[in-house]
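So you can see what is in the structure, the chains are spelled out below.
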Amino acid sequence: MASIFRRSLASFVPAAILIALIVGLVALAAVDGLYSAVLGETLGSTVRALATAMPPQADAWYDFPSSGASAWANRLDSASGYRVTLMRPDGVVLADSRSDPAKMENLGEKPEMRRALGGGTGIARRSSVTLGRELYYAAEALADGRDGRVRGVLRIAVDLPTLRSRLGSGRYLFLLLPLAAALAAAIASGIFARGIAAPLRRLSEAARAFGGGPSSRGPPGSGSGPGSGGPHAEGAPRARDEIRLADLASGPDELRSLAGALDAMFGELEGRNSKEILEGRERSAILDGMSEAVLALDASLALRMANRAARRLFGLPETGGGRGLPLVEATRSVELATLAVDCREDGGPLERELALYGKGGERWFRALATPFSGVEGDDSGSGIGGDSGSGGGTRGSGGSGGSSSGGSGSGGSGGLVLVLDDITQVRRLERVRRDFVANVSHELRTPVQVIKGFAETLAEGALADPEKAQRYVDIIGRNALRMENLIADLLALARLEQETGAGLELKREDIASLVKEAVDAVSPRAEAKRMSISTEVEAGLGAKVHGGLLVQALVNLLDNAVKYTPAASTIELRARMGKAVEAAKAVEAAKAGDADVTQAGDAAADAGASEAGASDAGATKAGVEGSFLLLEVRDHGPGIPARDIPRLFERFYTVDKARSRELGGTGLGLSIVKHVALAHGGESGVESWEGEGSRFWLKIPLK
């Protein structure tokens, strides 16, 4: 928009020029009219004087026109410069000083003739037909002195252009003088406008300086503005003492009063804005520090704010946090959008449990939707601290910007706050607990019933039959052994959970010896199935571990391989040292598409990262900080279905329960392996290909 100075000049100068032109033209017209009136009066006096001074012989001219009349008219024209015409009362021209009377028309109908014959002096202004110029006419009737009868009419005329030429350059004064006055008025208006605009401009600069921002320019001499290197280069508000209101002291009293009012208002706004910024940052820090995901929505259910947990959960950008996106588009959850709509319509808090699906699979959340009032459409302020992704609170225009998130809120006039509490682990633990109780009850009930049944059979007389008694005793012994193994595994798991971390006693062990001990323990069962176990251990490999637990983990893995691998197969056991950098390279190769899925999984496993780890997050937790011990058991059995792999290390979970029970499995072996790895601060994993076999591995960091 144009400044006051330019707008004033644009308004005053054309108006002054227009007024000057109008005044000049009116003045010129008035002078011309005055001049015409004076000229008419002069012509009337002249024609009346000439009428009284007619020569005596003129009486004969009316009846018999002669050359004497024309000569008299010519002499009069030469002496006065007027055109002289002598006519009879009927309009016939008798003599004319500038035209041939015989060629002139009858002038009886001319206005000046009618006026003169009516008893007065006829005055008229028009263009002459014979001369082709505009003339001023004056006519007077000539009466006979004896009887008063009108004998003729005397008319004189003067050329108007001649009159204008007599004015000369004086005519232009009527235009130049008003234009000069208009110019003076424009200069005066410009000086006045500048006197108003200059303090207003300084006042607006002071207001922008207080508002801050990259585009604001500080007042003259304040040293602020873009590129000044001061604290305001980042958009912080200007301090009130930097606003140079003293520069306005020379302005009008009204502006000085306005400057004082703005100064007081700026002081109040600065205090409010500083308080709001601090509160906004505090709210943002609190929200970003929460483990729960928090989403703030406006009345149209568009995203206004998402804390750090919500941005990570839904993959929202850190900058802006997806502000303005519809809830369904931001979260890709119809159930969450339905909860928000129901809360908006109900007007009160609602709580539901719902599932969300992402890269990590299914996750369960307890979602609480709470309406709050004070948010309209897409305003920049937020009742819960604005966009936490920006690292600071919003700056309102004088308000504190805080509205309660717990207000009732009408259905369509406020916003919503959604809080998502991740209960996936709770649900998983509840499921594990239920499965554990059910599995333990089931696993113990069967052998107990068998023992009870055969004991009753023996008590009822079966002891009399030695052959049957021996078979029944063997069955009772096998089931008792099964119960003993189950209880032993449960106790082992309980002990591992108690000894995890600092409670586990570690000492340096020769890994080759531990591997040999585990292989020797499984060899009889392997030889019974004509299976061979090949080992590959790095020379001199040693680690600080709990030898007994490590042997138990390897025995469990080898025992599973023997149980589920067809006869005459080969089982491979490898032990070596890996480095985190190797795992990271394998992960990058998998991400960059340098190898297919199977090759990437092989490379990641060789470096100590599973295929799942390679596709998810890179080097695993155990191998990030340094070297680790990698133990790997590979078989060539039927493989494990992909759907069963995520739960394979859970207690009592088996792919084929009937076959596992038939082979004497308790469903706790892999769970013990996992807890052995956790007790050493490491982890375990599996890769499997249906029809090709499986590869189980343990990673234990070297301390």
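Our subject is the structure that appears above.
Treat the numbers as computed from the prediction; the structure is a model and nothing was measured.

Visitor: Looking at this structure, I do not really get the side chain of Ser-523. What am I missing?
Guide: With respect to the element layout, Ser-523 can be found in helix H12 (residues 511–528). What makes Ser-523 buried here is its relative accessible area of 18%.

Visitor: Could you clarify how one ought to interpret the sheet that holds strand E5 (residues 150–159) in this entry?
Guide: Strand pairing in a sheet relies on backbone hydrogen bonds. The paired strands run either parallel or antiparallel. Strand order in this open sheet of 5 strands is E2-E1-E5-E4-E3, and the pairing throughout is antiparallel. Strands at the two margins of the open sheet, each flanked by one partner only, are strand E2 (93–96) and strand E3 (122–127). Across the sheet, the axes of successive neighbouring strands diverge by a mean angle of 25°, strand direction being ignored. Looking at chain direction, strand E4 (residues 134–143) and E5 are connected through 9 bridges and run antiparallel. By the bridge assignment, Tyr-136 is partnered in E5 with Val-158. Where helix H2 (residues 67–80) meets the sheet, its contacts fall on strand E1 (83–87), E2 and E5, and the angle it forms with E1 comes to roughly 155°.

Visitor: Can you walk me through the packing of H12 against helix H13 (residues 547–564) in this structure?
Guide: Working note: a packed helix pair is described by the angle between its axes plus the distance between those axes. The geometry of H12 relative to H13 is characterised by a closest axis approach of 9 Å and an angle of 35° between their N-to-C directions. Relative to H13, the crossing made by H12 is right-handed. In contact with Ile-511, Leu-514, Val-515, Glu-517, Ala-518, Val-519, Ala-521, Val-522, Arg-525 and Ala-526 of H12, H13 contributes Gly-547, Leu-550, Val-551, Leu-554, Val-555, Leu-558, Asp-559 and Val-562.

Visitor: Just to check I follow, could you spell out the packing of aromatic side chains for this structure?
Guide: Aromatic ring pairs: the centre-centre distance and the angle between the two ring planes describe each pair. On inspection of all chains with the given rule, the structure shows 3 aromatic pairs. Ring geometry for Trp-61 and Trp-72: centres 6.0 Å apart, planes at 45°, overall tilted. Placement of the pair is Trp-61 in the loop between helix H1 (4–52) and H2 and Trp-72 in helix H2, with a sequence separation of 11 residues. On the accessibility criterion, Trp-72 (10% relative accessible area) is buried. Between Phe-454 and Tyr-472, the aromatic rings sit 4.9 Å apart at their centres with planes inclined by 50°, giving tilted as the arrangement. Here the residue Phe-454 occupies a position in helix H10 (residues 424–459), and Tyr-472 occupies one in helix H11 (residues 466–499), the gap between them amounting to 18 residues.

Visitor: Can you help me understand the nonpolar core in this one?
Guide: Grouped burial of nonpolar side chains is what soluble globular proteins tend to show. Judged by nonpolar contacts, the single largest core of 41 residues is most densely connected at Ile-511, Leu-550, Leu-558, Ile-571, Leu-629, Leu-631 and Phe-696. Secondary-structure elements contributing two or more residues to this core are H12, strand E13 (542–545), H13, strand E14 (570–579), strand E15 (627–634), helix H18 (669–679) and strand E17 (693–701). Ranked by residues supplied to this core, first place goes to H13 with 10 residues. For Leu-550, the residues in contact, after removing those within four places along its chain, are Ile-511, Leu-514, Val-545, Leu-629, Leu-631, Val-676 and Ile-700. Within the second largest apolar cluster, 25 residues are counted, among which are Leu-316, Ala-337, Leu-356 and Leu-420.

So, how was this worked out
Residues numbered from 1 in each chain as written. Predicted model: local features only at pLDDT ≥ 70, side-chain atom pairs only at ≥ 80, totals over all residues. Heavy atoms only, no water. Helix = DSSP H or I, 4+ residues; strand = E, 2+ residues; numbered from the N terminus. Buried < 20%, exposed > 50% of the residue type's maximum accessible area, 1.4 Å probe, protein only. Pairing = 2+ DSSP bridges. Axes fitted to C-alpha atoms, helices over the stretch in contact; angles between N-to-C directions. Contact = heavy atoms within 4.5 Å. Left-handed = near helix turned anticlockwise from the far one by under 90°. Phe/Tyr/Trp six-rings, centres within 6.5 Å; stacked < 30°, edge-to-face > 60°. Core = buried A, V, L, I, M, F, W, Y, C linked by side-chain atoms within 4.5 Å.

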